[in-house]
Structures are given as C-alpha cells and as structure tokens.
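Survey of secondary and tertiary structure
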Amino acid sequence: MESPNRLSVLQALRAMAEGSLTSEALTQACLERIEERNGQVLAFTAVDAGWALAQARAADRGGGGAPLRGIPFAVKDVLDTRHLATAYGSPIYAGHRPVADAACVARVREFGGLVLGKAATSEFATQTPSRTRNPLNLEHTPGGSSSGSAAAVADFMAPVAFGTQTTASTVRPASYCGIVGYKPTFGFLNTAGLKPLSPSQDTITLLARTVQDAALCAFGLHGMRVQAGPLERPRLAVCLSSQWDAVRPEMAEAIERIAAAAQRAGATVRRMRLPAALEPLIGMQGRLFAFEARQSLAYERQNHAAQFSPRLQARLAGGEGIDAAQYLAMRQRALAGRQVLADLFGDVDAILYPPAQGEADEGIADSGSAQFGALWSLMHVPCVCVPIARGPRGLPMGVQAIGAYGDDLRTLQAAAFIHHVAQQAELA
C-alpha cells in the first residue's frame, strides 16, 4: 500500500473502514514526514507527537461511525488550540496558550478527527509572511496567509489543513502549491476561536489534495457524509474583469486551455464580463478590511505596536481616516453588490477566475498579490481553487471555481469536474 501519509482523506477513511489502516499508523506516517521535511519547509510551528498519537489511538478505539474518524488535521495558527501554542504569527503572542479550542477544532474532535499540529501563518493572517517555503521549490513562496497549511498538505505532512481567507489567503497558496483550496460560503464553518481581522469577511477554509477531500471534511464538520463527484455537464463562465490586465500570459493561457478542455468534455462554457457595478468593490474591499482590522487589533495596536511589522503598521494606518458613516456605506455597497452577483448564477454553475497572477514568485519576502480573491471574499460566495497547469518554472497554477452564495456542493462538484478534466488532459 502507498505510504499512509500520501493517501487522500477518502482513501484513508476507506482503508480504516476496511481494517487495513489505523489512525495511529496514518498519524505516525505524517509525523515522520514532518520530522523529515519540516526543517526545510517550515510548515509547522508546533507539534506534540505524543499527544497526536494519543488522539489517534483514541480514534481507533472509538469505532467507525464518525465522519472524520482518525483523520489528522493541521490547524492554521490563527485558530485557537488549548493543547498547542497559538501565536497568530506574531511575536506579541509567543508561547500563548488559549483556554479553549476554536469551534472548528472542537468539531474536528467531536466528529472523530484529531489535531496534528499548528501550521505557520503570516502576521495576524495579513501580508507579512511566515518563514514557510514552497515545498515544490524551496526558493519560492508558498503564498499566504495560509502558508503553512498549504505547504503541509502539498508536502504530504498532513492530508488536510484548516486555513482562513479574508482576501485570498487560501486560493493563492492552493494555486502556488498545486493543491485544492476551498473557501466556503461566509459563515459555513463557525469562526469562534479565530483571531478576528475583518469580521465581515473572515472565513474558515480547508486545504486538501482533492476536491472530494475538501467536501468530505467541510460537511463532515457538520456530521454529514457528502460525496462531491464531478458535476455532469456543468455550465461554466470565464469571467473577465479589469483585473485580467495584471494576469500573466501563462495564467491567462492556462485558463483558456482548461475552458476549452472542459467544453470538449461536455461542459457549456461561455465568456462573461464582470458587471460594472462590481468593479469598484474590488478596491473597496481593502478599505473595508483596513477599517475592521484596525478595530480588531485595537488592543495590540495600543499596547504592542512596536512589535508590528512595518507592513502591518502601514496597512492599519490606512483605516485611520475612515469614519463610521463611510464604513456603513461600504457595508451597504457590499450588500448591493451581492444582489447583483446573485443574478449572474441564473444559468451558470460556476465562474472561472484567476486565483493569482501566475505561478509562485521566487523568494519568501513577499507572498504574492491577494487582489484576485478580494471581490469574491467580499461577496461571501464559495470559491474552490484547483490545479490546472504548470508555469514556465514548472510550478503549479490553479483556477478558481466560484459559485452562488450557499450553493457550496454544486460549486465543489463543478470544481471536481474541472480538476478531473485537467488531470485527464494532463494539464496540471
């Protein structure tokens, strides 16, 4: 059998149900991979091997009814864990031990899963990156802010990981690391125990190696067993906007190729232009973020500002000149934009859109542009990034499948279709 740490979540669950695999063996294989590779990749900030194995043994004794039974999760370090230090990517909280688990972490354990360790994040999940490196090429960024989560999954240290997204913190790392990144409909996964940043946009996300795994884990956190096989004959639309001016030619060509391959495989594919009413919201998203982040980090700003990175200081300063009336007006414009966007999905199952400019940039001082997730995070809609191509340096590139608000399963199924087409055509 393939090394357990390389199994998908679905494969591992089946093997455990058949009795050919235990959670302890799966967790041990993941821990061995962490021991082998984490010194180079720096995906994990905290791991307690003894505690992880104790959880796995308990899962093995617990029987087969739980939907996430025995599956090890990596947890982004902006989500509270009472057994492991939670520093939120900041020296302000070095060694901090919360008194309770985040809701999503508690749900993992409630439904049979276990916590493998804490995955690195950028500073408070903003733009100043962690030390994590892209496991596919250590000289390149893994993207951010869910850098450690994406790297851990891509490097077979964990089968699945929690991330978060406020702008593009999941879809970009997924694209850069060649894995699946799923940002659910806003609020689908409870945010209690997440260090807030922009509460009107902060979303708990999942990173996995297949769309099926992302669906299994997301719905498993609600006690459900869901299959997200490829949607038959999906209705797709490549959505053009002003942001395509910043897309590198190789990314634009990759999306055109996957659209053509999807059409040959039975999908209906058309082009659409982003409605003019939505274009200004792309820039507004950053202002809304700055206003809310300045409030969310008020304690840290007032008492520990010297420990902020210069980049975070500048970003928070951008919210200083926004008053309450302007903030409420932005919230109203976002609400109106969601109503405009909803009309686009009358005859479309998923919109195709770039998750990043191209493949991962060289160096780790910057984690890449977040601009391609801004509108969709603000609109609260589900987004699934799947790998579709390789760039000039041989690193992966993905595409976002964006669905209607609350229509997560259909969005996942459309993304599964796209991922399957890319694999069949050997594009990814």
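First things first, this report covers the structure right here in the doc. Note that this is a predicted model, so its numbers are computed, not measured. (Residues numbered from 1 in each chain as written. Predicted model: local features only at pLDDT ≥ 70, side-chain atom pairs only at ≥ 80, totals over all residues. Heavy atoms only, no water.)

**Quick look at the overall build of the protein chain**
Spelled out, the test is: Helix and strand labels come from DSSP, where a helix needs a run of H or I of at least four residues and a strand needs a run of E of at least two; each type is numbered from the N terminus. Only C-alpha atoms enter the radius of gyration; for comparison, a globular chain is expected to reach 2.2 Å times N to the power 0.38, where N is the number of residues. Each residue is assigned to one of three classes by its accessible area relative to the maximum for its type, calculated with a 1.4 Å probe on protein chains only: buried under 20%, partly exposed between the two thresholds, exposed over 50%. Between two residues, a contact is recorded if the distance between any of their heavy atoms is within 4.5 Å. When charges are tallied, Lys and Arg are placed among the positive residues and Asp and Glu among the negative ones, while His and the ends of the chain are skipped. Think of each charge as sitting on NZ of Lys, CZ of Arg, CG of Asp or CD of Glu.
The number of helices and strands found in the protein chain is 14 helices and 11 strands. Against the globule reference of 22 Å for 428 residues, the protein chain gives a C-alpha radius of gyration of 20 Å, in line with a compact fold. Along the three orthogonal principal directions, the C-alpha set of the protein chain runs to about 60 × 55 × 40 Å. Taking all 428 residues of the protein chain together, the buried fraction comes to 61%. The long-range share in the protein chain, meaning contacts at least 24 apart out of those at least 6 apart in sequence, stands at 77%. On the protein chain, the mean spot of the 39 positive side-chain charges and the mean spot of the 37 negative ones are 2 Å from each other.

**So, the side chain of glutamate 300**
Locating glutamate 300 in the fold gives a position in helix α10 (residues 298-303). Overall, the relative accessible area of 1% leaves glutamate 300 in the buried class. Residues within four places of glutamate 300 in sequence aside, it is in contact with Ile92, Tyr93, Phe124, Lys195, Ala305 and Phe308.

**Describing the packing of aromatic side chains**
Note the following rule: For Phe, Tyr and Trp, where Trp contributes only its six-membered ring, two rings pair if their centres lie within 6.5 Å, and the inter-plane angle classes them as stacked under 30 degrees, edge-to-face over 60, or tilted in between. As a reminder, the over-ring test applies to NZ of lysine and CZ of arginine, requiring each to be within 6 Å of the ring centre and within 35 degrees of the ring normal.
Taken as a whole and judged by the stated rule, the model has seven aromatic pairs. Summarising the aromatic geometry, the rings of phenylalanine 124 and phenylalanine 308 are spaced 6.2 Å apart at their centres and angled 85° between planes, so their arrangement reads as edge-to-face. Of this pair, phenylalanine 124 sits in the loop between β3 (114-119) and α5 (147-154) while phenylalanine 308 sits in the loop between α10 and α11 (310-317), placing them 184 residues apart in sequence. Owing to a relative accessible area of 6%, phenylalanine 308 belongs among the buried residues under this scheme. Grouping aromatic residues by their ring pairs yields a cluster made of Tyr88, Tyr93, Phe124 and Phe308. Directly above the ring of phenylalanine 156 sits arginine 6, whose terminal nitrogen or CZ lies 4.1 Å from the centroid. Geometry around phenylalanine 289 places arginine 315 over its ring, the cationic atom sitting 3.8 Å from the centre.

**Regarding the environment of proline 396**
As for its position among the elements, proline 396 is in strand β11 (residues 396-402). As for proline 396 and alanine 252, which are separated by 144 residues in sequence, their C-alpha atoms are 14 Å apart.

**Quick word on the nonpolar core**
Basically, it comes down to this: What is meant by a nonpolar core is a set of buried Ala, Val, Leu, Ile, Met, Phe, Trp, Tyr and Cys residues, joined one to another through side-chain atoms within 4.5 Å.
Membership of the largest hydrophobic core comes to 138 residues, with the highest contact counts inside it found for Phe162, Trp376, Ile388 and Ile418. Per element, the largest residue contribution to this core is eight residues, and it comes from helix α14 (residues 408-424). Contact partners of isoleucine 388, with chain neighbours within four places excluded, come to Ala254, Ile255, Ile258, Met397, Gly398, Val399, Ile418, Ala422, Leu427 and Ala428.

**Quick notes on the sheet that holds strand β7 (residues 235-240)**
Going by this rule: A pair of strands is considered paired only if DSSP assigns at least 2 bridges between the two. Between N-to-C directions, angles cover 0 to 180 degrees, with each direction set by a line fitted to C-alpha atoms, over the stretch in contact for helices.
Overall, mixed pairing links the 11 strands, which are arranged β1-β3-β2-β4-β6-β5-β10-β11-β9-β7-β8 in an open sheet. Strands at the two margins of the open sheet, each flanked by one partner only, are β1 (44-46) and β8 (268-273). For this sheet, the mean inter-axis angle between neighbouring strands, taken without regard to orientation, is 35°. As judged from the three bridges shared by strand β2 (residues 72-76) and strand β4 (residues 160-165), these two strands associate in the parallel manner. Bridge pairing links phenylalanine 73 to valine 160 in β4. This element, helix α2 (residues 23-41), spans β1, β2 and β3 of the sheet and lies at about 15° to β3.

**As for the packing of helix α8 (residues 249-264) against α14**
Counted only if it meets this: An angle below 35 degrees is treated as roughly parallel, one above 145 as roughly antiparallel, one from 65 to 115 as roughly perpendicular, and anything else as oblique. Gly falls in the polar group here, along with every residue not listed as nonpolar (Ala, Val, Leu, Ile, Met, Phe, Trp, Tyr, Cys, Pro) or charged (Asp, Glu, Lys, Arg).
Orientation of α8 relative to α14, taken along the N-to-C sense of each, is 100°, at an axis distance of 9 Å. Overall, the two elements α8 and α14 adopt an arrangement that is roughly perpendicular. Contact residues: Ile258, Ala261 and Ala262 in α8; Phe417, Ile418, Val421 and Ala422 in α14. Here the residues of the contact of α8 with α14 are counted per class, giving seven nonpolar, no polar and no charged.

**Examining the pattern of salt bridges**
The criterion, for reference: Here a salt bridge means any side-chain nitrogen of Lys or Arg lying within 4 Å of a carboxyl oxygen belonging to Asp or Glu.
Counted by the stated rule, this structure contains 15 salt bridges. We note a salt bridge from arginine 37 to aspartate 155, for which the minimum N-O separation is 2.8 Å. Highlighted residues: arginine 37 in helix α2 and aspartate 155 in the loop between α5 and β4, separated in sequence by 118 residues. With its nearest N and O atoms 2.9 Å apart, the salt bridge here joins aspartate 349 to arginine 235. Pair noted here: aspartate 349 is in the loop between α12 (324-342) and β9 (350-353) and arginine 235 is in strand β7, with a separation of 114 residues, a long-range link.

**A look at the layout of surface pockets**
Counted only if it meets this: Grid spacing is 1 Å over the protein atoms alone, the probe is 1.4 Å, and a cavity is where that probe fits but cannot get out, while a pocket is an open set with protein on both sides within 12 Å along at least five of seven lines and lining residues have an atom within 4 Å of a point. Grid points are joined across faces, edges and corners, and a volume is the space filled by probe spheres set on the points.
Its boundaries defined by the atoms lining it, the largest pocket holds a volume of some 390 Å³. Around the largest pocket, the lining comprises 19 residues; the ones closest to its centre are Phe156, Gly178, Ile179, Arg209 and Pro387. Going through the elements one at a time, α5, β10 (383-390) and α14 are the ones with two or more residues in the lining of the largest pocket. Broken down by element, the lining of the largest pocket gets its largest block of residues, three residues, from β10. Partitioned by chemical class, the residues of the lining of the largest pocket number 11 nonpolar, five polar and three charged. Estimated volume of the second largest pocket: approximately 300 Å³. Lining of the second largest pocket is provided by 24 residues; of these, Gln127, Thr167, Arg315, Ala370 and Gln371 occupy positions nearest its centre.

**So, the pairing of strand β6 (residues 203-208)**
For β6, the tally of buried residues reaches six of six residues, placing the bulk of the element in the interior. Side-chain alternation along β6 places Thr203, Thr205 and Leu207 on one buried face and Ile204, Leu206 and Ala208 on a second face that is also buried. Direction of pairing for β4 relative to β6: antiparallel, over a ladder of six bridges. When the sheet's bridge partners are listed, glycine 163 is paired in β6 with threonine 205. Here strand β5 (residues 180-183) pairs with β6 via three bridges, running antiparallel. Residue pairing for β6: tyrosine 182 is matched across the bridge by leucine 206.

Honestly, that's just the spatial picture; any functional story needs more than this.
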